[in-house]
Amino acid sequence: MKSEKSFALFVFSSILFFALFFLWITFHRGPLGKVRIERAVVCVDVDDSGVPYGVGGRFSFGIRQLCMVMDSTGGEEDDSVRLRWYYRGQLIHEEIQLLGDGRDESRMFYLLREDGAPLPLGAYEIQVDLNDRPIRRIPFAVVEGNGTAEKSL
């Protein structure tokens, strides 16, 4: 008799657990919300239509600015993206934008020096956080000689 009650309690508890788990999965937004990052690339710039050119991971010394193009879809009122630009492991620039309009769009983020001088040689990295959760790291470098992208004017 005791084992039958224990078995019935076990079955009831299991069904209740799976029902609550299913409801949580179905309705929980999760840390990323409804927004999705479809593409993120480093490039020299974008053309008049918003298409990136000079996309690459190695850029020739003498370049004065770089652009990171990111395509996002969805989004709710409080969704945000944070970009951190690192040079040789040190944070050099940070920017936060709200994505809460729910539109699908491309966003451009630029890195340039205030004095207009070329970006220094070395290793760089972009850390992309969505709703304060790291989702992507994009390494790239400014190198002597021929990079994979053309120099900016």
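Worth saying up front: this structure is predicted, and the values here are computed from it rather than measured.

Student: Whenever I open this one, the sheet that holds strand E9 (residues 122–130) confuses me. Can you help?
Tutor: Two orientations exist for strands paired in a sheet by backbone hydrogen bonds: parallel and antiparallel. Strand order in the open sheet formed by five strands is E4-E10-E9-E6-E7, with mixed pairing between adjacent strands. Strand pairing shows two members of the sheet lacking a second neighbour, strand E4 (58–60) and strand E7 (90–98), which therefore form its edges. Put simply, the sheet's adjacent strands are angled 20° from each other on average, direction ignored. The sheet contact formed by strand E6 (residues 80–87) and E9 spans seven bridges and is antiparallel. Within the sheet, the bridge partner assigned to Arg82 lies in E9 and is Asp129.

Student: Any chance you could explain the sheet that holds strand E1 (residues 36–43) here in plain terms?
Tutor: Spatially, the three strands line up as an open sheet ordered E1-E5-E8, and their pairing is antiparallel. Each end of this open sheet is capped by a strand with a single partner; those strands are E1 and strand E8 (105–112). Adjacent strand axes in the sheet meet at a mean angle of 20° when their direction is disregarded.

Student: Help me understand the nonpolar core, please; the structure alone is not making it clear to me.
Tutor: Across soluble globular proteins, nonpolar side chains have a tendency to be buried as a group. The biggest cluster of nonpolar side chains holds 25 residues, and the ones touching the most others in it are Val42, Met68, Leu83, Trp85, Ile126 and Phe140. Those elements giving two or more residues to this core turn out to be E1, strand E5 (65–73), E6, E8, E9 and strand E10 (133–143). Membership of the second largest hydrophobic core comes to five residues, among which are Val41, Cys43, Cys67 and Val69.

Student: Looking at this structure, how should I read the packing of aromatic side chains?
Tutor: Tallied over the entire structure, the rule returns four aromatic pairs. Between Tyr87 and Tyr124 the ring centres are 4.8 Å apart and the planes differ by 45°, which places this aromatic pair in the tilted class. Taken as a pair, Tyr87 in strand E6 and Tyr124 in strand E9 lie far apart in primary sequence, 37 residues in all. For Tyr124, a relative accessible area of 4% corresponds to the buried category. For the ring pair Tyr124 and Phe140, a centre distance of 5.2 Å and an interplane angle of 10° mean the geometry is stacked. With Tyr124 in strand E9 and Phe140 in strand E10, this pair connects stretches of sequence that are 16 residues apart. Taken together, the ring pairs connect Phe59, Trp85, Tyr87, Tyr124 and Phe140 into an aromatic cluster.

Thresholds applied
- Residues numbered from 1 in each chain as written.
- Predicted model: local features only at pLDDT ≥ 70, side-chain atom pairs only at ≥ 80, totals over all residues.
- Heavy atoms only, no water.
- Pairing = 2+ DSSP bridges.
- Helix = DSSP H or I, 4+ residues; strand = E, 2+ residues; numbered from the N terminus.
- Axes fitted to C-alpha atoms, helices over the stretch in contact; angles between N-to-C directions.
- Core = buried A, V, L, I, M, F, W, Y, C linked by side-chain atoms within 4.5 Å.
- Buried < 20%, exposed > 50% of the residue type's maximum accessible area, 1.4 Å probe, protein only.
- Phe/Tyr/Trp six-rings, centres within 6.5 Å; stacked < 30°, edge-to-face > 60°.

Remember, this is a structural readout, not a statement about activity or role.
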